[in-house]
Amino acid sequence: MRNQQQTQGVISIIALFCLVVGWFNLFSPEINNLLSRKIFYVLIGISFFLQAPSLKNRNFVYGMYAAAAVCVLGGLLIPVGSRMESLKTLAVFVGLILTFSGRQGYRQ
C-alpha cells in the first residue's frame with residue numbers, strides 16, 4: 001500500500017510538472033501542447049487508477065475508475081482544440097472531488 005502511494009505521488013508530481021511547462025511555454029509550442037494537453041491527462045488518469053482501490057466507498061471507486069478512464073482515453077484520443085477537450089477537464093475535477101471526499105480517516 002505504501003509503495004503504491006509513493007508511486008501515485010511521483011506520477012502526480014510529474015503530471016503537475018507537465019502542466020506547469022505548458023503554462024509557462026518553456027519549450028516549443030508542439031512540446032508544450034503534448035505535455036500539458038496530452039501527457040498530463042494520461043498521467044493524472046494513471047494516478048486515479050492507482051488511487052481508486054484505496055477509497056472506502058465502493059461507489060467512489062467506480063466513479064474514480066470512470067474518471068481515470070476518461071482522462072487516459074481523452075488524453076490519447078481527443079485531439080487538441082476539439083470541443084470534447086472540456087470532457088477531460090471535467091474528469092479531472094470529478095477525480096479530485098472523489099479524492100477529497102473519499103479519503104480514509106486521519107492517518108499517522
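Everything numeric in this text was worked out from a predicted model, so none of it was measured.

Observations regarding the nonpolar core
Counting 21 residues, the largest nonpolar core has F40, I44, F48, M64 and C71 as the members making the most contacts within it. In terms of residue count, the dominant contributor to this core is helix α2 (residues 29–51) (six residues). Not counting residues within four places of it along the chain, the set of residues in contact with C71 comprises Y41, V42, I44, G45, F48, K88, A91 and V92.

Details of the side chain of E85
Examined against the element boundaries, E85 turns out to sit in helix α4 (residues 85–101). Owing to a relative accessible area of 15%, E85 belongs among the buried residues under this scheme. Among residues more than four places away in sequence, those in contact with E85 are R37, I78, P79 and V80.

Topic: the environment of I14
Along the polypeptide, I14 turns up in helix α1 (residues 2–24). Distance from I14 to I39, taken between C-alpha atoms, is 9.6 Å for residues 25 residues apart in sequence.

Regarding the packing of aromatic side chains
Throughout the structure, instances matching the rule amount to two aromatic pairs. Judged by centre distance (5.1 Å) and plane angle (70 degrees), the rings of F40 and Y41 are edge-to-face. Y41 matches F40 in its accessibility class, with the two residues each being buried. Between F49 and Y65, the aromatic rings sit 5.9 Å apart at their centres with planes inclined by 40 degrees, giving tilted as the arrangement.

Considering α1
Given 3.6 residues per turn, any residue in an α-helix points the same way as the ones three and four places further on. Between the first and last C-alpha of α1 there are 33 Å, a value that for 23 residues agrees with the 33 Å anticipated at 1.5 Å per step. What α1 keeps buried is the set Q8, I11, A15, C18, L19, V21 and G22. As for α1, its buried residues are in contact with α2. One or two residues past the end of α1 sits N25, with phi positive at roughly 50 degrees.

A word on the packing of α2 against α4
Packing of α2 against α4 leaves a shortest axis separation of 11 Å and a crossing angle of 30 degrees. Between α2 and α4, the crossing angle belongs to the class labelled roughly parallel. Every pair of crossing elements has a handedness; the one defined by α2 and α4 is left-handed. For the pair α2 and α4, contact is made by R37, Y41, I44, F48 and Q51 and by E85, K88, T89, A91, V92, G95, L96 and T99, respectively.

Overview of a nonpolar patch on the surface
Residues V20, W23, F24, L26, F27 and I31 make up a contiguous nonpolar surface patch of roughly 670 Å² in combined accessible area. Considering each element in turn, the nonpolar patch owes the most residues, three residues, to α1. Along the chain, V20 falls in helix α1.

What to know about the environment of K56
Checked against the element boundaries, K56 lands in the loop between α2 and α3 (58–77). For K56, a relative accessible area of 56% corresponds to the exposed category. Considering only alpha carbons, one finds K56 and L90, 34 residues apart in sequence, at a separation of 23 Å.

What counts, and at which threshold
- Residues numbered from 1 in each chain as written.
- Predicted model: local features only at pLDDT ≥ 70, side-chain atom pairs only at ≥ 80, totals over all residues.
- Heavy atoms only, no water.
- Core = buried A, V, L, I, M, F, W, Y, C linked by side-chain atoms within 4.5 Å.
- Buried < 20%, exposed > 50% of the residue type's maximum accessible area, 1.4 Å probe, protein only.
- Helix = DSSP H or I, 4+ residues; strand = E, 2+ residues; numbered from the N terminus.
- Contact = heavy atoms within 4.5 Å.
- Phe/Tyr/Trp six-rings, centres within 6.5 Å; stacked < 30°, edge-to-face > 60°.
- Expected span 1.5 Å × (residues − 1).
- Axes fitted to C-alpha atoms, helices over the stretch in contact; angles between N-to-C directions.
- Parallel < 35°, antiparallel > 145°, perpendicular 65-115°, else oblique.
- Left-handed = near helix turned anticlockwise from the far one by under 90°.
- Patch = residues over 30% accessible without salt bridge, like charges linked within 9 Å, V, L, I, M, F, W, Y side chains within 5 Å.
- Areas by Shrake-Rupley, 256 points an atom, 1.4 Å probe, with all protein chains shown as cover.
- Salt bridge = Lys/Arg side-chain N within 4 Å of Asp/Glu carboxyl O.

Honestly, that's just the spatial picture; any functional story needs more than this.
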